[in-house]
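What follows is each chain in one-letter form.
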Amino acid sequence: MVLGNSRALWPRFLAWLAADRARLELDHPLNDYVASKVNSALAIAQAAEGFKTLAIDFDHTEPVVDLVGAAVAAGLLWRAPTGLGIHPVFGPWVALRARVVFDAPPPNDGQPAPPCRACDTRCRPALSRLKALSSEAELRQRAAEFIALRVACPLGSEHRYDDDQTQYHYTKDRRLLRSTVERMRIQTP
Ligand code: SF4
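Participant: So what about the overall build of the chain? Which residues, and what values?
Facilitator: Within the chain, the regular secondary structure consists of 8 helices and 5 strands. Beginning at the N terminus, the succession of helices and strands in the chain can be written as β-α-α-β-α-β-β-β-α-α-α-α-α. Relative to the compact-globule value of 16 Å for 189 residues, the chain shows a C-alpha radius of gyration of 18 Å, a close match. By the burial criterion, 37% of the 189 residues in the chain qualify as buried. Contacts spanning at least 24 positions in sequence make up 68% of the contacts within the chain whose residues lie at least 6 apart. Counting only carbon and sulfur atoms, one obtains 55% of the accessible surface of the chain, whose full area is about 11,100 Å². The averaged location of the 21 negative side-chain charges in the chain is 4 Å from the averaged location of its 24 positive side-chain charges.

Structure, rendered in structure tokens:
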């Protein structure tokens, strides 16, 4: 099973932070949030269904797993000309978080129809402007170029992340979380 999030994650994550502001001081609050939610969901599912979880690989743990490749193999996403994983409903507005291996047979759902049809003139120009990255720090500096790849795609545009979520996914800048949670506190006396 491959797990990811849409923009639905963001308000829940902010509420989790606001419930205990010490979480804003964690090195990687979103990683901790995802791990806690995935682990508790798996514990509930295991108790209800009786299967065992053999392995969990998160997007933030080493060694790095090709989650897009796993999601394509699982029939969750389609690989776009840009290399992004494209969901039939959410388009590029998904973030993959974990791969879970169970001691159970996979469902036989078949592969989804490719969502990338004859529209690659939309995303290829953004791709052609992109130079290779040399480090994760560079990804943070050049986030706008990678965000442009997603914005170019018309599929799932109604599921686009808001600006704060988009920026945080690329920059992991905790100052953005602090200011957003502070705004929530002011708006909810
Ligand atoms: S613009 Fe078209 S080809 Fe490119 S990722 Fe989106 S759906 Fe696929």
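Now, onward.
Participant: Help me get a handle on the packing of helix H6 (residues 143–151) against helix H7 (residues 163–171), residues and values and all.
Facilitator: Contact pair H6 / H7: the axes reach a minimum separation of 10 Å and the direction vectors enclose 125°. Relative to H7, H6 is oriented oblique. Seen along the crossing, H6 lies across H7 with a hand that is right-handed. Here Ala143, Phe146, Ile147 and Arg150 of H6 lie close against H7, whose contacting residues are Thr166, Gln167, Tyr170 and Thr171.

Participant: Explain the packing of helix H1 (residues 9–19) against H7 to me, using residue names and the numbers behind them.
Facilitator: A pair of packed helices is captured by two measures, namely the crossing angle of their axes and the spacing between those axes. Look at H1 against H7: their axes get within 10 Å of each other, and the N-to-C directions meet at 80°. In terms of orientation, H1 lies roughly perpendicular with respect to H7. For the pair formed by H1 and H7, the contact residues are Leu9, Trp10 and Phe13 on the first element and Asp164, Gln165, Tyr168 and His169 on the second. Considered class by class, the residues forming the contact of H1 with H7 number 4 nonpolar, 2 polar and 1 charged.

Participant: Residue-level account of the packing of aromatic side chains, with values.
Facilitator: Applying the stated criterion to the full structure yields 8 aromatic pairs. Measuring from ring centre to ring centre gives 5.9 Å for Trp10 and Tyr168, while their planes differ by 40°; the resulting arrangement is tilted. Here the residue Trp10 occupies a position in helix H1, and Tyr168 occupies one in helix H7, the gap between them amounting to 158 residues. Tyr168 shares its class with Trp10; the two are buried. When the ring of Phe51 is compared with that of Phe102, the centres are 4.8 Å apart and the planes differ by 70°; the resulting orientation is edge-to-face. Placement of Phe51 in the loop between helix H2 (29–49) and strand S2 (53–58) and of Phe102 in strand S5 (residues 95–102) is noted, with a sequence separation of 51 residues between them. Of the aromatic side chains, those joined through ring pairs into one cluster are Trp10, Phe13, Trp16, Tyr33 and Tyr168.

Participant: Pulling in residues and values, what's your account of the site of the ligand?
Facilitator: The environment of the ligand is formed by 10 residues, the closest being Ala80, Cys116, Cys119, Cys123 and Cys153. Of the residues belonging to the shell around the ligand, the class tally is 8 nonpolar, no polar and 2 charged.

Participant: Can you explain the sheet that holds S2? Please cite residues and give values.
Facilitator: Here we have 3 strands laid out as an open sheet, ordered S1-S5-S2, and antiparallel in their pairing. Because the sheet does not close on itself, it has two edges, and the strands there are strand S1 (2–5) and S2. Direction aside, the axes of adjacent strands within the sheet are offset by 20° on average. Where S1 meets S5, 4 bridges bridge the pair, whose relative direction is antiparallel. Looking at the pairing, Leu3 lines up with Ala98 of S5. Lying over the sheet, helix H3 (residues 67–74) contacts S1, S2 and S5, oriented at roughly 65° with respect to S5.

Here is what the cut-offs are and how they apply
Residues numbered from 1 in each chain as written. Predicted model: local features only at pLDDT ≥ 70, side-chain atom pairs only at ≥ 80, totals over all residues. Heavy atoms only, no water. Helix = DSSP H or I, 4+ residues; strand = E, 2+ residues; numbered from the N terminus. Rg over C-alpha atoms; globule rule 2.2 N^0.38 Å. Buried < 20%, exposed > 50% of the residue type's maximum accessible area, 1.4 Å probe, protein only. Contact = heavy atoms within 4.5 Å. Areas by Shrake-Rupley, 256 points an atom, 1.4 Å probe, with all protein chains shown as cover. Lys, Arg positive; Asp, Glu negative; His and termini not counted. Charge placed at Lys NZ, Arg CZ, Asp CG, Glu CD. Axes fitted to C-alpha atoms, helices over the stretch in contact; angles between N-to-C directions. Parallel < 35°, antiparallel > 145°, perpendicular 65-115°, else oblique. Left-handed = near helix turned anticlockwise from the far one by under 90°. Nonpolar A, V, L, I, M, F, W, Y, C, P; charged D, E, K, R; others polar. Phe/Tyr/Trp six-rings, centres within 6.5 Å; stacked < 30°, edge-to-face > 60°. Near = heavy atom within 4 Å. Pairing = 2+ DSSP bridges.

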